[in-house]
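Spelled out, the chains give:
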Amino acid sequence: MKYIFLTFCAILFAGFPAYTQDNSISGTVVDTYSSEPISEAVINIQNSDFRTVTNSDGEFYFLQKDLPIGEQVIKISKPGYKSIQIPIIIQIDRPIHLKSILLEVDLDALESEIGVISLSDDQLDEDEGTSDNISGLLQASKDVFLNAASYDFSTTFFRPRGYSSEHGKLLINGLEMNKIYNGRPQWSNWGGLNDVQRNQMFSMGISANEYTFGHLAGTTNIIMRASQYSKGGRISYASSNRSYRGRIIASYNSGLLKNSWAYSVLIARRYGDEGYINGTLYDANSFFASVERKLSKHHSLNLTAFYTPNRRGKSSPNTQEVYDLKGTQYNSYWGKQDGEIRNSRIREVEEPIIMLNHFWNISPKTELNTNIGYQFGKTGNSRLGYDNVPNPDPSYYKNLPSYFLSDPNYPDYEGAYRAYSSFVNNGQVNWLNMYETNILYGGTSRYYLYEDRNDDKQLSANTILNSRLSDYIELNASFNYRNLKSSNFASMIDLLGGNEYLDVDTFNSGDAAQNDLNNPNRLIGVGDKFKYNYEIDATDYSGFVQAQFSYSSVNFYLAAKAGKTNYQRNGLYRNGSYPDTNESFGKSKKLNFTTFGAKAGITYKITARHALELNTAYFTSAPTIRNSFSNSRQNNSTVIGLTEEKNINVDGNYILRFPFIKARLSGYYTLMQDGSEISFYYADGISVPGRSATTAFVQEVLTGVDKKNIGAELGIETQVTPTIKLKAAAAYGENIYNSNPDLYITSDDLDEPRFFGKSFLKNYKVAGGPQQAYQIGFEYRDPRFWWFGATANYFNQAYINISPLTRTENFYLDNDGMPFNDYDPEKARQLLKQEKFDPYMLVNIVGGKSWRVKGKYIGFFAVVSNILNKQYKTGGFEQGRNSNFRTLSEDTANDTPVFGSKYWHGYGTTYYINAYIRF
């Protein structure tokens, strides 16, 4: 492998000029107040293409043979510091060494940085697909448009270019943090660590990245290395009415000490009995420590560990009927017990992460970074279970007025009124009733509280090489390995007054009712595993190599990747509905995927102020574990027709940079092909020849899913005066299904999978926030360190998530396989038309003040979002209960459908206030 790699590099770089040294410029950059070296500061020779960055000792070097001769200006800059310019005279064979260059902390930039990162706290902590967004990936960018997308647009769950968080890569100290299970970063694993997340490197889209091949939505590497933090401490307190009510963070960084050690520590807490949505508790603690030892001039070793245990109460999606009766802050998941709010849906995450990083400066031009990380712990999602008793969900369709009025010939007005009165006056989980019911049944729990658990152990390792082969060529390469052992099971939390629970499926009978035929009729207590129990083993290998070429007017890069991924399920229960050998118990067949890809990009600098960029890529990705097993909780079945997913991307940018104006105009085209998707729900109206029942809990499997994203972005800001900045951003996109995927369903009510052929999704919109977003805003920064800003943000073209099953032949076929005798094609088109949400505008304001007192920085800022208290929908989905023409027609004939779509609403007016001291 070594000789193949060296041969590839020799061929790739043949013909380029070799390195010779005629001139040199070197220097050291340090903090004005602490005299500590500043790493990652950018050094530019103005009006040229020569650029470098300082190393961990604050040192930089220009060793090129063709540095511009004569009077030049060097610019030194780093986020959080004031940029400076130094005039120099470059002469042949006369090296220049600039002794300690002092950079002063920029209080304005510091204030802004603290504010915007804190604003996205609640987005960073969301893991549910309903609020999936990529704002966390965009924080490191100073791009005008991406700043708007990350902080103002993200509150509506806008997705730049229609990408989800699984389409971006998030690294910490070079190690990938995206979950193998679903491909997404689990933000809550590092929630609350704001003060130690500020050193970030972001590459937009599929552009060149020094650490990894990347993905469509870009790559962010958060550098949590002790020696890279500026010396000093920070204490801050925040109050909000969004996800949490209070947050306190305390952190301290030693900087690099004289004995070559450095350390950084942080402790934080976020809390709240209730957020903006009723009944959503927040209880989170965060602990971080990093210690680094500089072993020699060439070697450094860093150990980082963080642990962020957190518990959050979830909120329910609701039908329009429920919102009309209870308002947009209603949440059906909670009720009061002994006068205290108790939420039945709690997400709890406890997954410590430990990583060891070795940094080897092989030469001034070559670095090797080797990392190993271990993540372990649990993720739990609680819910209420019930057997042969009424559904405890207060918003269950049989508890609402629409249910009693659903028969137009025999409406039950009395029942509807009783349901209306009960729901409006209470409408929350009745904990007392469940306790009383369990006692009535002799202590065998019919109601119970349990959690779906994932206990993961993951080992990650990689090595990353960066080498400047010549004045013009830089080589990047990495090899990555990840191994996951995931235990998945249901765990009993509370028997709700009962003494035990019988572990059987009451919807089945005989052997089919047994969740584990190897241990039938088990009696379960608190803390016991039940219902399902299985393991997933996953291994992922990948490598990439990249060459970057830099010339006076043209830069370009070439990159390639290859990888291997495999998954296997090991069932620990023999499910009664799947009793045959290896059908549910024991190991499944091993799934193997081979991935590869290539990308290239070019930047043409028309002048020092104008540039054109073009990037293109083709690469494959392994499907996630979630979309590989059709019903992993019950059996070993894998998705039929599963294959690697293909991605094709082309994007172009025009970039304008003047001292008083910055702008970027972009266009993009993306094809995502051969995807797979799995959904779980109850369906009514399933036509299965030879089967009279039409209702079942199903697993809906889509394969061959293609999506096309096409659009444009614009970001522009202008410094109209030294204190006033104007900015604008716009996104115009069209994200659609580009194929008619194959659809089949599985269920323990069916003897075998039921194939429905094509689901006619082509040209339907892909749900996931608004596809158009526009912003105008301004910012005023007074020389006396107070500032104020406001933005107006307009959103349009947001759509509901459609039900694929209703777009198959099942929609118009009766149980006999013939079309319904009352089928009306025109009415069908109306029933299947995708719902588009109303456009809306949100106005946000932000402002603050900071002081420097005896070497310490004190400040505060406040944010008010949606000051006009606009009510709007952020997303939703069609219920799958009405899966054919007849059932859907009957339901929608009513003024209020029983199984109408469910929605999520955005926050009304919210605030965020933060005060801090930095020392």
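The following refers to the structure shown. All figures in this text were calculated on a predicted structure; none of them were measured in a lab.

### Brief notes about the sheet that holds strand 43 (residues 873-877)
Consideration 1: Strand order in this open sheet of three strands is 18-44-43, and the pairing throughout is antiparallel. Each edge of the sheet is formed by a strand with only one pairing partner; in this case those strands are strand 18 (318-319) and strand 43.
Consideration 2: Bridge count for strand 43 against strand 44 (residues 902-905) is four bridges, and the pairing is antiparallel. Paired with lysine 873 across the strands is histidine 905, a residue of strand 44.

### Thoughts on the packing of aromatic side chains
Consideration 1: Counted under the stated rule, the structure contains 43 aromatic pairs.
Consideration 2: Ring geometry for tryptophan 187 against tryptophan 190: centres 6.2 Å apart, planes inclined by 85°, an arrangement best described as edge-to-face.
Consideration 3: Ring plane angle 35° and centroid distance 6.4 Å describe the contact between tyrosine 774 and tyrosine 794, whose orientation is recorded as tilted. Taken together, the residues span a long stretch of sequence, with tyrosine 774 in strand 39 (residues 772-781) and tyrosine 794 in strand 40 (residues 786-796) at a distance of 20 residues.
Consideration 4: Classification of tyrosine 794 as partly exposed rests on a relative accessible area of 31%.
Consideration 5: Members of the aromatic cluster, each reached through a chain of ring pairs, are Phe145, Phe153, Phe158, Phe795, Tyr840 and Tyr872.
Consideration 6: Between lysine 599 and the ring centre of phenylalanine 213, over which it is positioned, the NZ or CZ distance is 5.0 Å.
Consideration 7: The positively charged end of arginine 781 is found above the aromatic ring belonging to tryptophan 787, 4.7 Å away from the centroid.

### Description of the environment of alanine 696
Consideration 1: Mapped onto the secondary structure, alanine 696 falls in strand 35 (residues 696-719).
Consideration 2: Considering only alpha carbons, one finds alanine 696 and tyrosine 682, 14 residues apart in sequence, at a separation of 5.6 Å.

### Some words on a positive patch on the surface
Consideration 1: Where like charges cluster on the molecular surface, the positive patch consists of Lys75, Arg609, Arg657 and Lys662.
Consideration 2: Relative to the elements of secondary structure, lysine 662 occurs in strand 34 (residues 661-683).
Consideration 3: A residue is classified by how much of its surface remains accessible, and lysine 662, at 44% relative accessible area, is partly exposed.

### Examining helix 9 (residues 431-440)
Consideration 1: Regarding helix 9, the residues found buried are Trp431, Met434, Thr437 and Asn438. Summarising the axial view, the buried residues of helix 9 lie within an arc of 125°, below the 170-degree limit, and thus occupy one face. The exposed residues of helix 9 that point more than 90 degrees off its buried face are Leu432, Ile439 and Leu440.
Consideration 2: Where helix 9 is buried, its residues contact strand 19 (334-337), strand 20 (340-343), strand 23 (366-386) and strand 24 (447-468).
Consideration 3: The backbone nitrogen of leucine 432 has a side-chain oxygen 3.4 Å away, supplied by the residue at the start of helix 9, namely asparagine 430.
Consideration 4: Just downstream of helix 9 lies glycine 442, where phi reads positive at about 75°.

The rules behind these values
- Residues numbered from 1 in each chain as written.
- Predicted model: local features only at pLDDT ≥ 70, side-chain atom pairs only at ≥ 80, totals over all residues.
- Heavy atoms only, no water.
- Pairing = 2+ DSSP bridges.
- Helix = DSSP H or I, 4+ residues; strand = E, 2+ residues; numbered from the N terminus.
- Phe/Tyr/Trp six-rings, centres within 6.5 Å; stacked < 30°, edge-to-face > 60°.
- Buried < 20%, exposed > 50% of the residue type's maximum accessible area, 1.4 Å probe, protein only.
- Lys NZ or Arg CZ within 6 Å of the ring centre and 35° of its normal.
- Patch = residues over 30% accessible without salt bridge, like charges linked within 9 Å, V, L, I, M, F, W, Y side chains within 5 Å.
- Areas by Shrake-Rupley, 256 points an atom, 1.4 Å probe, with all protein chains shown as cover.
- Salt bridge = Lys/Arg side-chain N within 4 Å of Asp/Glu carboxyl O.
- Lys, Arg positive; Asp, Glu negative; His and termini not counted.
- Charge placed at Lys NZ, Arg CZ, Asp CG, Glu CD.
- Arc of directions from axis to C-beta.
- Contact = heavy atoms within 4.5 Å.
- Polar contact = N/O pair within 3.5 Å; in protein donor to acceptor, adjacent residues only side chain to side chain.

None of this, on its own, says anything about what the molecule does.
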